[in-house]
Amino acid sequence: MKIIVGCKLVPEEQDITVQKDGTLDLSKATPKISQFDLNAIEAAVEIKAEIADSTITALSVGGKYLDNTKARKDILSRGPDELTSVIDENLETALPHQTARIMAAAAQKNGFDLIICGDGSGDLYAQQVGIRLGAELEVSTLNGVTKIVSVSNDLLVVERALETEVETLEVSLPAVISVSPDINVPTIPGMKSILKAGKKPVNAMTLSDLGLADDPALVELVEIKAAQKKDRKNIIIEGDGEDKIAEFVSHLRTIMN
Amino acid sequence: MSKISNIWVFSDAESRLPEVIAGGAELGEKVSAFVIGSQDQATQAFSYGADAVYHLGEMDSARIVEAYADTMAKVIEEGDKPAMILLPGTKRCKALASLLGVKLNAGVVTEASEITSDGNAVQAKHMVYGGLALGDEKIASPISIVVFGGGVFQPAEADASKTGEAVSVDFIEPKTSIKCIERQPKQGSSVDLNKAKRIVAVGRGIAKQEDIKLAEGLCSAIEAELGCSRPIAESEKWMERERYIGISGVMPKPELYLALGISGQVQHMVGANGAQYIVAVNKDKNAPIFDYADYGIVGDLYTIVPAIVDAFKG
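Residues numbered from 1 in each chain as written. Chains lettered and ligands numbered in written order. Predicted model: local features only at pLDDT ≥ 70, side-chain atom pairs only at ≥ 80, totals over all residues. Heavy atoms only, no water.

Peer 1: What is the right way to look at the overall build of chain B in this model?
Peer 2: Of regular secondary structure, chain B possesses nine helices and 16 strands. Judged by the C-alpha coordinates and their principal axes, chain B covers about 65 × 40 × 40 Å. By the burial criterion, 57% of the 314 residues in chain B qualify as buried. For chain B, the computed accessible surface area is about 12700 Å², with 45% contributed by carbon and sulfur atoms. Of the side-chain charges in chain B, 31 are positive and 41 negative, and the distance between the mean point of each set is 4 Å. (Helix = DSSP H or I, 4+ residues; strand = E, 2+ residues; numbered from the N terminus. Buried < 20%, exposed > 50% of the residue type's maximum accessible area, 1.4 Å probe, protein only. Areas by Shrake-Rupley, 256 points an atom, 1.4 Å probe, with all protein chains shown as cover. Lys, Arg positive; Asp, Glu negative; His and termini not counted. Charge placed at Lys NZ, Arg CZ, Asp CG, Glu CD.)

Peer 1: What is the right way to look at the pairing of strand β12 (residues 198-202) of chain B in this model?
Peer 2: Each regular strand shows side chains that alternate between the opposite faces of the sheet. All names here are of chain B. Taking burial as the measure, the five residues of β12 include five buried ones, the bulk of the element. By the alternation rule, side chains of β12 split into R198, V200 and V202 and I199 and A201, which are all buried. Direction of pairing for β12 relative to strand β14 (residues 256-260): parallel, over a ladder of five bridges. Note that in β14 the partner of V200 across the bridge is L258. Here four bridges tie β12 to strand β13 (residues 225-228), and the two strands are oriented parallel to one another. Within β13, the position partnered with V200 by the bridge is L226. Between the parallel elements β12 and β13, the chain passes through helix α5 (residues 212-222) in a crossover that is right-handed. (Pairing = 2+ DSSP bridges. Right-handed = clockwise from strand over helix to strand, strands pointing away.)

Peer 1: When you look at the interface of chain B and chain A in this model, what are you seeing that I'm missing?
Peer 2: It is common to report an interface's size as the accessible area lost on association of the parts. Facing the 85 residues of chain B at the interface are 78 residues of chain A. For the pair chain B and chain A, the summed buried surface comes to about 7200 Å²; carbon and sulfur atoms form 58% of the total. Considering only the side of chain B, the residues that lose the most area to chain A are K91, Y129 and Y295 of chain B, jointly responsible for 12% of the buried surface there. Linking chain B with chain A are seven salt bridges, by the criterion used here. Notably, a salt bridge pairs E167 of chain A with R92 of chain B, separated by 2.7 Å at the nearest N-O pair. On inspection of chain B and its partner chain A, the count reaches 44 residue pairs in polar contact (both at pLDDT 80 or more). The residue makeup of the side of chain B that touches chain A, split by class, is 40 nonpolar, 23 polar and 22 charged. (Contact = heavy atoms within 4.5 Å. Buried area = accessible area lost by both parts, 1.4 Å probe. Salt bridge = Lys/Arg side-chain N within 4 Å of Asp/Glu carboxyl O. Polar contact = N/O pair within 3.5 Å; in protein donor to acceptor, adjacent residues only side chain to side chain. Nonpolar A, V, L, I, M, F, W, Y, C, P; charged D, E, K, R; others polar.)

Peer 1: Mind showing me how you'd approach the nonpolar core here?
Peer 2: Nonpolar side chains in soluble globular proteins generally cluster together in the buried interior. Judged by nonpolar contacts, the single largest core of 40 residues is most densely connected at V9, I21, A45, M84, L86, I115 and V146 of chain B. By residue number, the principal contributor to this core is helix α1 (residues 17-27) of chain B, which donates five residues. The next biggest cluster of nonpolar side chains, apart from the first, holds 38 residues, and it includes V5, I33 and L142 of chain A together with C180 of chain B. (Core = buried A, V, L, I, M, F, W, Y, C linked by side-chain atoms within 4.5 Å.)

Peer 1: Got a minute to help me understand the sheet that holds strand β6 (residues 114-117) of chain B in this structure?
Peer 2: If you walk across this open sheet you meet the four strands as β14(A)-β8(B)-β7(B)-β6(B), and the pairing is antiparallel. Of all the strands in the sheet, the pair left with one neighbour each is β14 (219-226) of chain A together with β6 of chain B. Adjacent strand axes in the sheet meet at a mean angle of 20 degrees, parallel and antiparallel pairs treated alike. As paired strands, β14 of chain A and strand β8 (residues 133-139) of chain B are joined by seven bridges and run antiparallel to one another. Residue pairing across strands places E220 of chain A opposite K138 of chain B, the latter belonging to β8 of chain B. (Axes fitted to C-alpha atoms, helices over the stretch in contact; angles between N-to-C directions.)

Limitation: the analysis is restricted to geometry and does not speak to function.
Following this line, the structure appears as C-alpha cells:
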C-alpha cells in the first residue's frame, strides 16, 4: 500500500515573541513538526506494520523551514521511508485552500492508496486541509478518526468519535483521513532511527514542477495580531498559612455571590 | 455592518440549531436552513426563525452526514448570491465546510470568534499559533463559508407561531463511498463544560491520579464541574478529553474558573479566558497563570484545597 502522510513544519510557539504593536516576531522560532501530524505519522507506521510491502511518503508543503536538515531528519526518523517537499517562499503563509491544492497535485504525481493527515496544523489550526485534499482528489475523506479497526488493500474500517456518538465506518480506498490526537501515542525515535533517517531520500519539488494553474484567491489573510488580554484584577496572595487562606476564601465568596 | 442577502445554515447537532439560526438572522437578510431528519425538525427550524427550510429527508443510517454535501452544494449553487454558509463548530460541520468549500469554490474560515460583513465580503477572526494571536481573514469568493466557535451567537428562542412549508430536496449520491456500519452513543461521561457555571480545573500540579479526589471534593463543595489541562487528559489520560480546556479542547464561558496547579500556558489560557473570573492556586509564584487571574494564592494546593472545602462546607 502506498501511504502518504501530511506533515507540516510550524514555528515552535515558545520562541514566538509578541511585539509592542501586537504583531508576532517569528524570526527566532525554530521549525518543528506540527504536533497533530505526529499522530498521523504514527498511524501510518502502524498501518505499514499490518500491510506487507507498504511504503510511507511524508509530504510537506511550505517555505524555507523545509530546508532545515534537522527538521527533515526528525520527520524521517519517525518512520516515513522518504520525504517529498514542495518548497516556495510564498508558501510560508499559505492558507488551507492553497496547501490542499498543492498537496493534491503532489499526491497525484506520487500516487497513493491512503493519505493520512493530522487533526489540524499547530499554527493555523484551521482543520481544513485533510478534507479539502480529499475533495480535491475526489476520493473518500473523513475527519476525526479515533481508531483504525482494520485495514486491507482496498478497505479501511475506522471509528470516529464525534461530540455525542461514535461512528464505525467503512471507507473504500483510495481515501484521505484526518486522525484525532487520541488515536495513538507517537513513538519517540531512538538513536538507530535517527541515524537511519539521514540516509533516506528527500525529493524536493517546486510549484512549477507541479504545473498548477493560478490559485483562485478564495481567502486573504489580512493580519495576525496578538489577542488583547482581558483586564483582570491580579490580586495575588502569597503563602498558604491559615490567615492567607481565609483571605483567599473571602475573595472567593465575594465573587461567588 | 451590512447584512448578506442570503444565508444558509445547517447543524448536525440539534442542540446547536437555535444558535446557528440566530447567527444567520444576525448576519443575513434571509436565513435558509437545511434539515436532515424528521418533519418535526423541519418545523423546529421554522420556529427558531428560519425563513426557508430545505428538507433533505430522513437520515439514512448507512450514510454519514457529509454525504449530503453534494445535495447541499446543488441547492446553494442554484440560490441567490452573494451567499454565506454558516455552520457550528462540530466535527461533521467542519468537514462539511471544507467539502462545500471545494465543491462551491468558496473560501472557508473555521473556529471563527468574530464575524463581520460589508454585505458582500465576509471577514472573520480566529485563533492561530496555539492561541497566541488572532488571524483576521477576508473571504473573497461570492460564496463564503464560516464555522463558528461556541458562545459567538445567543441561541434563538423557539416561537411556535413561526411556521412554513419546507421544500423537499432529493438526495444526490456522492461519487465516493463511506458506509456507516454502526453508530453508538459515546461511552464515558457526557459532561458539557460549556454549560457549567463554575469549573474547577486541575493541571500538572496534581501529583497522582488519586489526588483528583481532592479537586472533586472542591467541586461538590462549590457546585462546580471538573475540568483539566491538556497533559492531564492527553499525556496522563487521567480524565476524558471532554474535560480538557484549551485551544484544541473546550473553551467554556463559566462565571468562575478555579485552576489548581495549572501553570497557565497560552494554549490553556485562551480556553479559560472566557471565564468571568479566573482564580488560581499554584505553588510557583512566577507561574504565568497569575497574570491571567483575578485572584490567586501562592501555596501548596494540598494544604489550600482542603481548607477551601472546609470553609464552604461549614
